[in-house]
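So you can see what is in the structure, the chains are spelled out below.
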Amino acid sequence: MSTKLLVLVASTRPGRIGPAIAEWFVRAIASEPVTVDVADLAEIGLPLLDEPGHPSSGEYVHEHTRAWSRRVDAADAVVVITPEYNSGMPATLKNAFDVLYREWAWKPIGFVGYGNTSAGTRAVQMAKQVATSLRMVPVGATVALRLAESTRDGQVIPSADRDAAARGVLREVAKVARVTRPLRSRETPGPVDGVVLTVAESEDLPELLVLQRCCWVQEALANETLDLAPLRESLVELRASGSTWQQWCVRRDGRLIAAARARRAGTAWEIGRLMVAPDQAGQGIGSWLLAHVEAQAPEGTTHHRLHTGRRSTRNIELYERAGYTVAPADEMSVSLTRPRDSAPTQSRPGR
């Protein structure tokens, strides 16, 4: 499985060389099985600790914090590209750490330090102390670049040894990321024993496809058609949907029993493929899952929206009791909406 690597460029100073070093690092590891997201703190522009709540609460009111949270949360591992300022790390890096809390936990972290006399090593040691306090796992492999020897004209001088050192950092964080993955699982306890909710991973998708087809049999019978997207969808298409949809899975004692997905569509928080295995229905699992997905709606959305079959009377009645308003969508389906800020009712669908 490809490691999702966040490469964090710490310096924000004008004339900085950090982006060029990040570009070199990404080129050096290009042959490795890794998906890279380069996060440049100068471009992101995080304010200095402007959230009213403590980061450990995970309750963020500003979209810039939420965006940073999503970006860090999506990573399996982190590599920081950092200079050394006055024998320490940049304040921008410390702030980027301090803005969040749980998102960093149990992720391996490696460093590419750069500077003059100490080649950034003192900045790296300081950053490791902070990372450890956040329950991150610093790896031993580190790249230390002495600028006078390693760069020319604002670029890293080509070197097989330096490229090998970069790959060494990547391989160590990838190895640790595989081992610590269970610790990073975002499990939310469910309404009944043995039920937990997590963000869907790629290895969940084959089982999710099977669950989807089982759940939509009732929909097909109610609407007298097999021409339904959840029944036609292939595994390849399901994987591709991850680029536009956020997906959540619910397991009970290890078995996948429910799932849902959502995405922003203009001002709507569009909820789709809400499903609960038929033998698990009626226990409040669907209601709990729907409430969780609704709570993930990003700032700027005004309402929740979903669709169901025009003849799926049981689903429609349940959604109406939950505060959703029904409107025709096409010949086969209806659209249901509810204002985002309206209070949900106690009756929620359990399908």
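Residues numbered from 1 in each chain as written. Predicted model: local features only at pLDDT ≥ 70, side-chain atom pairs only at ≥ 80, totals over all residues. Heavy atoms only, no water.

Enquirer: Honestly, the pattern of salt bridges in this entry has me stumped. Any pointers?
Expert: Two side chains that carry opposite charge are able to pair once their charged atoms sit near each other. Counted under the stated rule, the structure contains 18 salt bridges. Among the salt bridges present, the one from Glu 203 reaches Arg 181, with a minimum N-O distance of 2.5 Å. Pair noted here: Glu 203 is in the loop between strand S9 (195-199) and helix H8 (205-223) and Arg 181 is in helix H7 (residues 160-184), with a separation of 22 residues, a long-range link. Under the relative-accessibility criterion, Arg 181 is labelled partly exposed at 30%. Arg 255 is the salt-bridge partner of Asp 279, the closest N and O atoms lying 2.9 Å from each other. Here the residue Asp 279 occupies a position in the loop between strand S12 (268-276) and helix H11 (285-295), and Arg 255 occupies one in strand S11 (residues 255-265), the gap between them amounting to 24 residues. A residue is classified by how much of its surface remains accessible, and Arg 255, at 37% relative accessible area, is partly exposed. (Salt bridge = Lys/Arg side-chain N within 4 Å of Asp/Glu carboxyl O. Helix = DSSP H or I, 4+ residues; strand = E, 2+ residues; numbered from the N terminus. Buried < 20%, exposed > 50% of the residue type's maximum accessible area, 1.4 Å probe, protein only.)

Enquirer: Looking at this structure, I do not really get the side chain of Arg 338. What am I missing?
Expert: Take Arg 338: it is sitting in strand S15 (residues 333-339). Separated by 2.8 Å, the side chains of Arg 338 and Glu 294 make a polar contact. (Polar contact = N/O pair within 3.5 Å; in protein donor to acceptor, adjacent residues only side chain to side chain.)

Enquirer: Looking at this structure, how should I read the state of the cysteines?
Expert: Each disulfide is one covalent bond, formed between the sulfur atoms of two cysteines. All chains considered together, the criterion is met by 0 disulfides. Free cysteine Cys 249: the closest other cysteine sulfur is in Cys 215, separated by 12 Å. Taking the relative accessible area as the measure of exposure, Cys 249 reaches 1% and is therefore buried. (Disulfide = S-S within 2.5 Å.)

Enquirer: When you look at the environment of Tyr 60 in this model, what are you seeing that I'm missing?
Expert: Structurally, Tyr 60 can be placed in the loop between helix H2 (41-44) and helix H3 (63-73). Expressed as a C-alpha distance, the spacing of Tyr 60 and Pro 138, which sit 78 residues apart in the sequence, is 27 Å. For Tyr 60, the contacting residues outside a window of four places in its chain are Glu 51, Pro 55, Thr 65, Arg 66, Ser 69, Val 99, Leu 100, Tyr 101 and Glu 103. (Contact = heavy atoms within 4.5 Å.)

Enquirer: It is not clear to me how the environment of Thr 180 should be interpreted in this structure. Could you clarify?
Expert: One can find Thr 180 in helix H7. Separated by 96 residues in sequence, Thr 180 and Val 276 place their C-alpha atoms 29 Å apart. The contact partners of Thr 180, leaving out residues within four places of it in the chain, are Trp 106 and Pro 108. A distance of 3.1 Å separates a polar side-chain atom of Thr 180 from the backbone oxygen of Trp 106. Side-chain polar atoms of Thr 180 contact the side chain of Arg 184, separated by 2.6 Å.

Enquirer: Explain the sheet that holds strand S2 (residues 34-40) to me, please; I cannot follow it from the model alone.
Expert: In a beta sheet, neighbouring strands are held together by backbone hydrogen bonds and run either parallel or antiparallel to one another. Pairing in this open sheet of 5 strands is parallel, and the strands run S2-S1-S3-S4-S5 from one edge to the other. Bordering the open sheet on either side are S2 and strand S5 (137-146), each of which pairs with just one other strand. Averaged over all adjacent pairs, the angle separating strand axes in this sheet is 20°, with direction ignored. Contacts between H7 and the sheet are confined to strand S1 (3-9), S2, strand S3 (77-83), strand S4 (108-115) and S5, with S5 contributing the most and set at about 160° to the helix. (Pairing = 2+ DSSP bridges. Axes fitted to C-alpha atoms, helices over the stretch in contact; angles between N-to-C directions.)

Enquirer: What is the right way to read the packing of aromatic side chains from this model?
Expert: Where two aromatic rings form a pair, the distance of their centres and the angle of their planes describe that pair. What the rule picks out here adds up to 4 aromatic pairs. With a centroid separation of 5.2 Å and 70° between ring planes, the pair formed by Phe 97 and Trp 104 is classed as edge-to-face. Accessibility assignment for this pair places Phe 97 and Trp 104 in one class, buried. Between Tyr 319 and Tyr 324, the ring centres sit 5.8 Å apart and the planes meet at 70°, which makes this aromatic pair edge-to-face. Of the two residues, Tyr 319 and Tyr 324, both sit in the buried class. Site record: aromatic cluster; members linked through ring pairs are Trp 68, Phe 97 and Trp 104. Looking at Arg 13, its charged tip hangs above the ring of Tyr 85, at a distance of 3.9 Å from the centre. (Phe/Tyr/Trp six-rings, centres within 6.5 Å; stacked < 30°, edge-to-face > 60°. Lys NZ or Arg CZ within 6 Å of the ring centre and 35° of its normal.)

Enquirer: What is the right way to look at the layout of surface pockets in this model?
Expert: The volume enclosed by the second largest pocket comes to roughly 610 Å³. Lining of the second largest pocket is provided by 25 residues; of these, Trp 216, Pro 230, Arg 273, His 307 and Thr 308 occupy positions nearest its centre. Elements represented by at least two residues in the lining of the second largest pocket include exactly H8, helix H9 (229-232), S12, strand S13 (303-309) and helix H12 (313-321). Among the elements that line the lining of the second largest pocket, the one with the most residues is S12, at 5 residues. Grouping the amino acids of the lining of the second largest pocket by side-chain chemistry returns 10 nonpolar, 8 polar and 7 charged. (1 Å grid on protein atoms, 1.4 Å probe; cavity = no way out; pocket = protein on both sides within 12 Å on 5 of 7 lines; lining within 4 Å. Points joined across faces, edges and corners; volume = space filled by probe spheres on them. Nonpolar A, V, L, I, M, F, W, Y, C, P; charged D, E, K, R; others polar.)

Enquirer: How should the nonpolar core be read in this particular structure?
Expert: Most often, soluble globular proteins have nonpolar side chains that are buried together. Val 250, Ile 271, Ile 285, Leu 289, Val 293 and Tyr 324 are the most contacted members of the largest nonpolar core, which has 41 residues in total. Elements with a contribution of two residues or more to this core: S9, H8, strand S10 (246-252), S11, S12, H11, H12 and S15. Those residues within four positions of Ile 285 in sequence are excluded, and the remaining contacts are Pro 191, Val 192, Val 195, Val 250, Ile 257, Ala 258, Val 276 and Gln 280. Counting residues in hydrophobic clusters, the runner-up holds 28 residues, among them Val 72, Ala 75, Val 78 and Ala 96. (Core = buried A, V, L, I, M, F, W, Y, C linked by side-chain atoms within 4.5 Å.)

Enquirer: How should the side chain of Lys 128 be read in this particular structure?
Expert: In this fold, Lys 128 is placed in helix H5 (residues 121-133). One buried charged residue, Lys 128, remains without a salt bridge, the closest side chain of opposite sign being Glu 172 at 8.4 Å. (Lys, Arg positive; Asp, Glu negative; His and termini not counted.)

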